[in-house]
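# Descriptive analysis of the structure
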Amino acid sequence: MSIDEHMKPRINASILPNYVGKNVSLLGIAKNVDNSGNFFTLTTSDNKDVKVMLQEPVNQLVSGLTEVYGTVKSPNSVICDEYVVIPQEVAANFNMSLYQKALEYTQRCSNLYIQGGNIED
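What comes next concerns the included structure. (Residues numbered from 1 in each chain as written. Predicted model: local features only at pLDDT ≥ 70, side-chain atom pairs only at ≥ 80, totals over all residues. Heavy atoms only, no water.)

## A look at the pairing of strand β6 (residues 77-85)
Sheet analysis places strand β4 (residues 49-54) next to β6, joined by 4 bridges and oriented parallel. The partner of Met 53 across the bridge, within β6, is Ile 79. As consecutive antiparallel partners, strand β5 (residues 64-74) and β6 are separated by 2 residues. (Pairing = 2+ DSSP bridges. Helix = DSSP H or I, 4+ residues; strand = E, 2+ residues; numbered from the N terminus.)

As structure tokens, then:
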């Protein structure tokens, strides 16, 4: 089993094109769930929109601070494996601009930010 299958680097929309076909983690503000519940828009920490395509229609409200885990399908879309809507009492204290700075540092210093480890069969 490859470590790449289990890695989910934290990224934003600006660097999404570098991860086509790979698993990622995106954090942002969910909005605009389509009427069928098959996709929604996630505005990431760099204020750019990503289309999040769901494997099954949503059965709950998806809005506000949300983390998405999935596979990058195209430079502006992700096929969602799972998502977590962050509770409002937690989201109220979240600083998106600091999160964006942290992402910038992890990208700039990727050799210092380990995003995986050994996986044993």
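## Quick notes on the pattern of salt bridges
Opposite charge on two side chains makes pairing possible when the charged atoms of those side chains draw close. The tally for this structure, following the rule as stated, stands at 2 salt bridges. As a salt-bridge pair, Arg 10 and Glu 67 come within 2.4 Å of each other at their nearest N and O atoms. With Arg 10 in strand β1 (residues 10-11) and Glu 67 in strand β5, the pair connects residues that are 57 residues apart, well separated along the chain. Using a relative accessible area of 29% as the deciding quantity, one classes Arg 10 as partly exposed. For Glu 67, a relative accessible area of 8% gives the class buried. The salt bridge involving Lys 31 is made with Asp 49; its shortest N-O contact spans 3.7 Å. Of this pair, Lys 31 sits in strand β2 (residues 23-31) while Asp 49 sits in strand β4, placing them 18 residues apart in sequence. The exposure class assigned to Lys 31 is partly exposed, which follows from its relative accessible area of 32%. (Salt bridge = Lys/Arg side-chain N within 4 Å of Asp/Glu carboxyl O. Buried < 20%, exposed > 50% of the residue type's maximum accessible area, 1.4 Å probe, protein only.)

## Digging into helix α2 (residues 96-108)
Spanning 13 residues, α2 covers 18 Å between terminal C-alpha atoms, matching the ideal 18 Å at 1.5 Å per step. Considered for burial, the residues of α2 that qualify are Met 96, Tyr 99, Gln 100, Leu 103 and Thr 106. In an axial view of α2, the angular spread of the buried residues amounts to 125 degrees, which keeps them on one side of the axis. Residues Leu 98, Tyr 105 and Arg 108 are exposed on α2 and point more than 90 degrees away from its buried face. Buried residues belonging to α2 abut β1, β2 and β5. (Expected span 1.5 Å × (residues − 1). Arc of directions from axis to C-beta. Contact = heavy atoms within 4.5 Å.)

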